[in-house]
Amino acid sequence: MKNIQLKHDLEMFGKYRNLLQELTRKNIKLKYRNSWLGILWSFFQPLLQMIVLSVVFSGIFGRSNEYIICYPVFLFTGRLLFSFFTSSTKQAMTSFRKHTGIIKKVYVPKYMYPLSSIFSNFVTFAISLICLICVWIFFKVTGISGGHGLYITGYVFLCWIPMLLLLIFSLGVGLILSVLNVYFRDIEYIWDVLTQLLFYMVPIIYPLQRIKRDWIVIIIKINPLYSMIELFRQCVLYGYIMSGKLFWYAAAVSVGTLIIGIWFFNKKSDDIIFHL
């Protein structure tokens, strides 16, 4: 029975994959509609955020190179991945409410809406990587903020692995939030608070080695976002092979979250239309 259901779901996904592409493209266009720079904001927005945060926190965390090679690049890599997670999950969470009119009139597999929100953010995230490359080159050439310590190895080509794990994790979380938001609209405000807390509970603006309390370090390491950001930094910033422990933990949590998200979504998807 489960095999039949899985086969049906895969057939439906294949049937509507073009629609998923169109919804993803539409979300990208709407995000930058009436903007002079348009999609170029995918390049400039993370750059401006890095500049602001570097100015604010470099005096606190960027003075010593003991744990950080180049603080602006360290900050940029963490902020880039975290921004994708927060923006994609927030848009997936509100995707049903934004498409209420279409959902009530036309039959489309409902998972298309949160998926398209996440995929559109992943496209802009991928574009932002161009900005990361430019920032890396700038600090390497100038040597500012310890940029002379940056170097590239073949492991940089493995950076797609933590990016893929983050995408899978975001899909699982996004599916869960999209359903919960239909039943409990307050989840939007709760998630805003939680993501703000997460920003400071993940080593984005500070190195983990600065934390001296063991129980806080354990809490941080339990957070799968820490594993994915650290894996990405190991490839892009530190230039060495990814940690096996971090990889398997991040992979297990990501796949597990996606499985739970699919199960929860399938269980509640038929009732969604009655609560919109």
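Residues numbered from 1 in each chain as written. Predicted model: local features only at pLDDT ≥ 70, side-chain atom pairs only at ≥ 80, totals over all residues. Heavy atoms only, no water.

Engineer: Whenever I open this one, the overall build of the protein confuses me. Can you help?
Structural biologist: When helices and strands are counted, the protein shows 12 helices and zero strands. Sequence-ordered secondary structure for the protein, helices as α and strands as β, is α-α-α-α-α-α-α-α-α-α-α-α. Considering the protein as a whole, with its 276 residues, one finds that 47% of them fall into the buried category. Across the protein, contacts joining residues at least 24 apart in sequence account for 77% of those joining residues at least 6 apart. (Helix = DSSP H or I, 4+ residues; strand = E, 2+ residues; numbered from the N terminus. Buried < 20%, exposed > 50% of the residue type's maximum accessible area, 1.4 Å probe, protein only. Contact = heavy atoms within 4.5 Å.)

Engineer: Even after reading the chapter, I still don't get the side chain of K110, so can you show me in this structure?
Structural biologist: With respect to the helices, strands and loops of the structure, K110 is situated in the loop between α6 (100–105) and α7 (112–142). Contacts of K110, omitting those with residues within four sequence positions, involve F96, I103, F265, S269 and I272.

Engineer: I'm lost on the side chain of S117 in this one. Help?
Structural biologist: Here S117 lies in helix α7. The residues touching S117, leaving out its near neighbours within four places in the chain, are N27, Q91, A92 and S95.

Engineer: Please clarify how the packing of aromatic side chains should be interpreted in this entry.
Structural biologist: Centre distance and the angle of the planes are the two values used to describe a pair of aromatic rings. A full pass over the atoms with the stated rule returns 13 aromatic pairs. The interplanar angle of 70 degrees and the centroid separation of 5.5 Å between the aromatic rings of F84 and F122 together place this pair among those described as edge-to-face. Separated by 38 residues along the polypeptide, F84 in helix α4 (residues 71–93) and F122 in helix α7 bring together distant segments of the chain. By relative accessible area, which is 3% here, F84 ends up buried. Here the aromatic residues F82, F199 and Y200 are joined through ring pairs into a cluster of three or more. Residue placement shows K268 over the ring face of Y183; its charged tip is 6.0 Å from the ring centre. (Phe/Tyr/Trp six-rings, centres within 6.5 Å; stacked < 30°, edge-to-face > 60°. Lys NZ or Arg CZ within 6 Å of the ring centre and 35° of its normal.)

Engineer: Please explain the nonpolar core as it appears in this structure.
Structural biologist: Burial of nonpolar side chains together is a common tendency in soluble globular proteins. If you look at the biggest cluster of nonpolar residues, it comprises 75 residues, and the most contacted ones within it are V73, I204 and F232. Setting aside its immediate chain neighbours within four residues, I204 contacts F74, L75, G78, R79, F82, F199, I229 and R233. (Core = buried A, V, L, I, M, F, W, Y, C linked by side-chain atoms within 4.5 Å.)

Engineer: Just to check I follow, could you spell out the packing of α4 against helix α8 (residues 160–183) for this structure?
Structural biologist: Angle between the axes and distance between the axes: these two values describe a pair of packed helices. Orientation of α4 relative to α8, taken along the N-to-C sense of each, is 30 degrees, at an axis distance of 7 Å. It follows from the interaxial angle that α4 and α8 lie roughly parallel. When you trace α4 past α8, the crossing you get is right-handed. For the pair α4 and α8, the contacting residues are L81, F84, F85, S88, T89, A92 and M93 in the first and L166, L167, F169, S170, V173, G174, L177, S178 and N181 in the second. Grouping the constituent residues of the contact of α4 with α8 by class yields 10 nonpolar, six polar and no charged. (Axes fitted to C-alpha atoms, helices over the stretch in contact; angles between N-to-C directions. Parallel < 35°, antiparallel > 145°, perpendicular 65-115°, else oblique. Left-handed = near helix turned anticlockwise from the far one by under 90°. Nonpolar A, V, L, I, M, F, W, Y, C, P; charged D, E, K, R; others polar.)

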